[in-house]
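# Close look at the chain arrangement
Spelled out, the chains give:
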Amino acid sequence: MEWSVAPPPLGGSGQRLMGPGTWAAYLLVGILGVLVFLFCPRVAGIVVFALVMGSGVMAAIVGVRRHRPARAAGWWLLIAALAVSVLANTMFAIGFEVGGQAVFGSVVDGVYFLMYALLIAGLTVIVPRRSWAWTVAELIDAGVVTAGVAAIWWTVVMQPFLHQPGASSAMVGIWSAYAVCDLLVLTGLARLIFTTGSRRPASGLLTGSMFALLAGDVVYFARVGLDGYISVSNLDNALWLTWALLFGAASLHPSAASLGRVRRATRGARPGRLLAFAGLAFLCPLAVVTGVRFAHRYAASTAWYDTLVPTLLGAIISTLLVVRLGMLARVAQRRAAMLDRQAGELTRALRDQEMLQRQLTHRALHDPLTGLPNRALLLERLERALARRPVTGSPALLLVGLDGFADLNDTLGHEIGDQVLVELSARLLGLLSESDSLARVGADEFALLLEDPAATDPALRAARIVAASRIPYAQGDREVVVTASVGYRVMDTPLTAAEALRDAGVALRAAKADGRNRVAAFDVELRSNRLDTARLVDDLRRALTDGEFRVHYQPVVDSRTAEVRSLEALLRWTKPDGTSVPPDEFIPAAEDSGLIIPIGAWVLRHAIAQAAEWHHRFGLSLSVNVSGHQLPDPGFAETVLDALSAGGLPPTALILEITETALVAVTGSAATDVHTCLQLLRDHGIRIAIDDFGTGYASLSYLRHLPVDILKIDRSFVHSDGGSAPGPEDHAFIRAILHLSENLRLSTIAEGVETPQQAALLQHMNCHLAQGFLFHRPMTPEAIDQLLAAMTSGPEHSSPRPTTAPAPVGTRTA
């Protein structure tokens, strides 16, 4: 069947009952329609042709309405182009049947040009909007393709027609307009492919439909140019019908919904694009040579355009390729520069991380205030000394503890207390011999390891220490008198480093119990003092049963406004006779005896119940300290969640505070269990804080994998050599911690802020959440009520607001 002309679109069907295979079913039915058209009589073929083309319009309408693709306006323009094509083809076929021939310059040509205008507009609109640089790159790539095809088009379509005898200027103009329209369609299609890719099925179907249209045009115009008169064939018509069918199938396919979206790509040339460029670079010169040979061989005379047009097209392609390569080179240069910058930044980051790791390692083995080795390093040296004992003799361990140091801190402040500790460490260093080692092992305790038993009698060395500590400490215009007690253990029997330190501690407690400012040596009789610990444990059990514990609260504030942001709960124990037991005395006994688990549960329940009202009224968070002995408990997570449910406090308002040392001390399978427990609590909205950060040994990689939200900077970094503000090293270390927190998206709180200078420096470093005597001491619940009421009613204060930073609660001294 041969009668039709022009390019058609694609189609669709009903929207209801559409399944994933609707597009394939439509395509199969459409192919059957094409076969019917090819074998039906001439007049019936006109009707079948119009029906198949019209089905493409309907299928496209149904598909677009169902899938609502991105850039829908472009799809509707393409549908309109196909509908106009149905009209133009029908007009052409009827005119051909009635008049027996078709001519250029008729109304049908105007309808066809309208179809092309809609088609070009649709392909332009359907391409997603991008930046100017992207658009230029895509247009250049599409221009390369179009110019290359134009060279072939010139040889196959234009030259044969131009050399036909009797070709008028009007015919040449209309012929050239059709060629330009097809090339613009090709440009729009190439830009669409380069922008959105062709991996989506809908994209492949749409691309195939446009190529079918262009192929039909090429076959039609090439034959007309060679034959010299207008005629159509089954091949032309089959290709145009294929355009309609593939367009309809593309619209019905589910992937049409995402066709108008930009694919992930770079402005560089992908392998497929490079292959297309290479093919065009080969075909263009071949087409030029072929065109020139055609002109010389078949034309009566060679016109000026026979060589000029192919040469001009080749020059355009070469220019576009050079411009495109220049753009690629600039992109490569920019990326190389970016990689250089990133490499430099990575090098600096690695150097900073290595420095911070070294600082953390040093901090893990040394006391930040005095610079002395800490307990961990002392135990290492003690183990080595015990291993050499059979050869060198019995070493001795002296444990020095300041008398009444907690009272000194409470009366004069931690700043004075730190200055006394620094001065005492300097005095003790002056008493060392070459083989001795000095370490700070507690808040007010120092350990002196005497590895050479022949050098000095331990009792004599202990007496010198007591005498040296009695010398008044000059602090400004006042003198502070502090005494020290010493307990020592001569390691003349096999024992471990931990046992030696324990026994020296027993002797120290005996010296303090004897009246302080004394020396006590460990002997077997002192073991009976362990009965005191047993009695203390019994008292703890009674205290838990009889309700002798109380919880006080110390606010965490915004240092810029002094506004309370959260509360840290602190456990207090007062016996029935009115005696207050310091937490640093009963907490170790509770941990050793396992009573820390029920005591910790009591703290959780009691503090949560009290803090629920503060949270609902003022939006305050509550932080509860958790002992390292509580974490491995299988029922710990359930205890926390039950306390929240019973107390009415939202999980997001609770922070569990765990010391860095406690976290690092958990190893092996227990570490996995602890991390799982903390992650479970965190999944419920509970935040996790690391307390006293920087005093343990949490490596950066270890910290990165912990389920942590907050770092509490240890108070030792806020002070420097007893000064009112951090020194240069602590200043740098605080900045490193803040930088680390920012990178890991963690909040920070500074502890132990005692002076305005410390607060000002922390504010300057953008560490605004702080806690310390400068703002508030630990307070009873009643005092907290009064404080919050005053803040909400005072004219210069506003109501406390919730904060993402935590407030600590639990079994802790303050």
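Please read these numbers as outputs of a predicted model, since none were measured by experiment.

Reading guide: rules and limits
- Residues numbered from 1 in each chain as written.
- Predicted model: local features only at pLDDT ≥ 70, side-chain atom pairs only at ≥ 80, totals over all residues.
- Heavy atoms only, no water.
- Helix = DSSP H or I, 4+ residues; strand = E, 2+ residues; numbered from the N terminus.
- Buried < 20%, exposed > 50% of the residue type's maximum accessible area, 1.4 Å probe, protein only.
- Contact = heavy atoms within 4.5 Å.
- Polar contact = N/O pair within 3.5 Å; in protein donor to acceptor, adjacent residues only side chain to side chain.
- Phe/Tyr/Trp six-rings, centres within 6.5 Å; stacked < 30°, edge-to-face > 60°.
- Lys NZ or Arg CZ within 6 Å of the ring centre and 35° of its normal.
- Salt bridge = Lys/Arg side-chain N within 4 Å of Asp/Glu carboxyl O.
- Patch = residues over 30% accessible without salt bridge, like charges linked within 9 Å, V, L, I, M, F, W, Y side chains within 5 Å.
- Areas by Shrake-Rupley, 256 points an atom, 1.4 Å probe, with all protein chains shown as cover.
- Pairing = 2+ DSSP bridges.
- Axes fitted to C-alpha atoms, helices over the stretch in contact; angles between N-to-C directions.
- Arc of directions from axis to C-beta.
- pLDDT = per-residue confidence, 0-100.
- Parallel < 35°, antiparallel > 145°, perpendicular 65-115°, else oblique.
- Left-handed = near helix turned anticlockwise from the far one by under 90°.
- Right-handed = clockwise from strand over helix to strand, strands pointing away.
- Nonpolar A, V, L, I, M, F, W, Y, C, P; charged D, E, K, R; others polar.

### Focus on unusual backbone geometry
Of note, Arg 516 is a non-glycine position whose phi angle comes to about 70 degrees, a positive value. Summarising the element assignment, Arg 516 is placed in the loop between helix H16 (497-513) and strand S7 (519-521). Although it is not a glycine, Ala 562 sits at a positive phi angle of roughly 60 degrees. Positionally, Ala 562 belongs in the loop between strand S8 (549-558) and strand S9 (563-574). The partly exposed category is assigned to Ala 562, whose relative accessible area is 36%.

### Quick notes on the environment of Val 486
Mapped onto the secondary structure, Val 486 falls in strand S6 (residues 484-490). When its relative accessible area of 0% is taken as the criterion, Val 486 is described as buried. Here the alpha-carbon distance between Val 486 and Lys 512, two residues 26 residues apart in the chain, equals 8.3 Å. If we ignore the near neighbours within four places in the chain, the residues touching Val 486 are Leu 398, Leu 399, Val 400, Ala 462, Ile 465, Val 466, Leu 508, Ala 511, Arg 518, Val 519 and Ala 520.

### A few points about the side chain of Gln 630
On the secondary structure map, Gln 630 appears in the loop between strand S11 (621-626) and helix H20 (636-647). Exposure remark for Gln 630: the relative accessible area of 4% places this residue in the buried category. In this structure the side chain of Gln 630 is engaged in a polar contact, spanning 2.9 Å, whose partner is the backbone nitrogen of Ser 627. In this structure, Gln 630 is in contact with Ile 596, Ile 597, Gly 600, Ala 601, Asn 625 and Phe 636, ignoring residues within four places of it in sequence.

### Observations regarding the packing of aromatic side chains
Counted according to the given criterion, the structure contains nine aromatic pairs. Seen from their ring centres, Tyr 116 and Tyr 178 are 6.1 Å apart, and the 70 degrees between their planes marks the pair as edge-to-face. Within this pair, whereas Tyr 116 is found in helix H4 (residues 107-125), its partner Tyr 178 is found in helix H6 (residues 169-196), the two being separated by 62 residues in sequence. In this structure, Tyr 116 and Tyr 178 share a single accessibility class: buried. Put simply, the rings of Phe 549, Trp 573, Phe 586 and Trp 602 touch in pairs and so form one group of aromatic residues. Positioned over the ring face of Tyr 473 is Arg 427, at 3.9 Å from the centre of the ring. The ring of Phe 773 is capped by Arg 777, whose NZ or CZ atom sits 4.0 Å from the centre of that ring.

### A few points about the pattern of salt bridges
Close approach of charged atoms allows side chains of opposite charge to pair. Enumeration according to the criterion identifies 21 salt bridges in this entry. Several salt bridges converge on common partners, so that one network encompasses Arg 489, Asp 492, Arg 502 and Asp 503.

### Observations regarding a nonpolar patch on the surface
On the surface, Ile 31, Leu 32, Leu 35 and Phe 39 cluster together into a nonpolar patch covering about 440 Å² of accessible area. Structurally, Phe 39 is set in helix H1 (residues 22-39).

### Things to note about the sheet that holds strand S1 (residues 396-402)
Here five strands make up an open sheet; going across it, the order is S2-S3-S1-S6-S7 and the pairing mixed. The sheet is open, and its two edges are formed by strand S2 (437-440) and S7, each paired on a single side. Geometrically, the sheet is characterised by an average inter-axis angle of 20 degrees between neighbouring strands, direction not taken into account. Packed onto the sheet, helix H11 (residues 375-387) meets S1, S2 and strand S3 (445-450) and runs at close to 20 degrees relative to S3.

### Considering helix H18 (residues 583-593)
Within H18 the residues assigned to the buried category are Pro 583, Phe 586, Ile 587, Ala 589 and Ala 590. Buried residues of H18 fall within an arc of 165 degrees about the axis and therefore sit on the same side. The exposed set on the far side of H18, more than 90 degrees from its buried face, consists of Asp 584 and Asp 592. At the exit of H18 stands Gly 594, carrying a positive phi of roughly 85 degrees.

### Let's talk about the confidence of the model for the chain
Across the chain, the average pLDDT comes to 79, with 75% of residues at or above 70. Counted against residues more than four places away or in other chains, residues 264-269, with its pLDDT under 50, gives 17 contacts.

### Focus: the packing of helix H2 (residues 42-67) against helix H8 (residues 234-252)
It is at 7 Å that the axes of H2 and H8 come closest, and there the two elements cross at 20 degrees. Relative to H8, H2 is oriented roughly parallel. H2 and H8 meet at a crossing whose hand is left-handed. Counting all contacts with H2, which are made through Phe 49, Val 52, Met 53, Ser 55, Gly 56, Ala 59, Ala 60, Val 62, Gly 63, Val 64 and His 67, the residues of H8 involved are Asn 237, Trp 240, Leu 241, Trp 243, Ala 244, Leu 245, Phe 247, Gly 248, Ser 251 and Leu 252.

### Points about the pairing of S6
Within S6, six of the seven residues are buried, which leaves it mostly tucked inside the rest of the structure. Sheet analysis places S1 next to S6, joined by seven bridges and oriented antiparallel. Among the inter-strand pairings, Leu 399 is bridged to a residue of S6, identified as Gly 487. For the crossover that starts at S6, traverses H16 and ends in the parallel S7, the hand is left-handed.

### Overview of the environment of Asp 457
By secondary structure assignment, the location of Asp 457 is in the loop between S3 and helix H15 (458-470). Take Asp 457: its relative accessible area is 44%, and that puts it in the partly exposed class. Distance from Asp 457 to Ala 396, taken between C-alpha atoms, is 9.2 Å for residues 61 residues apart in sequence.

### What to know about the packing of H1 against H2
The contact between H1 and H2 brings their axes to 9 Å, and the two run at 165 degrees. It follows that H1 is roughly antiparallel to H2 by the angle criterion. Judged by the sense of rotation from one axis to the other, the crossing of H1 with H2 is left-handed. Of the residues in H2, those touching H1 at Tyr 26, Gly 33, Val 34, Val 36 and Phe 37 are Gly 45, Val 48, Phe 49, Val 52, Ser 55, Gly 56 and Ala 59. Here the contact of H1 with H2 is built from residues that sort into eight nonpolar, four polar and no charged.

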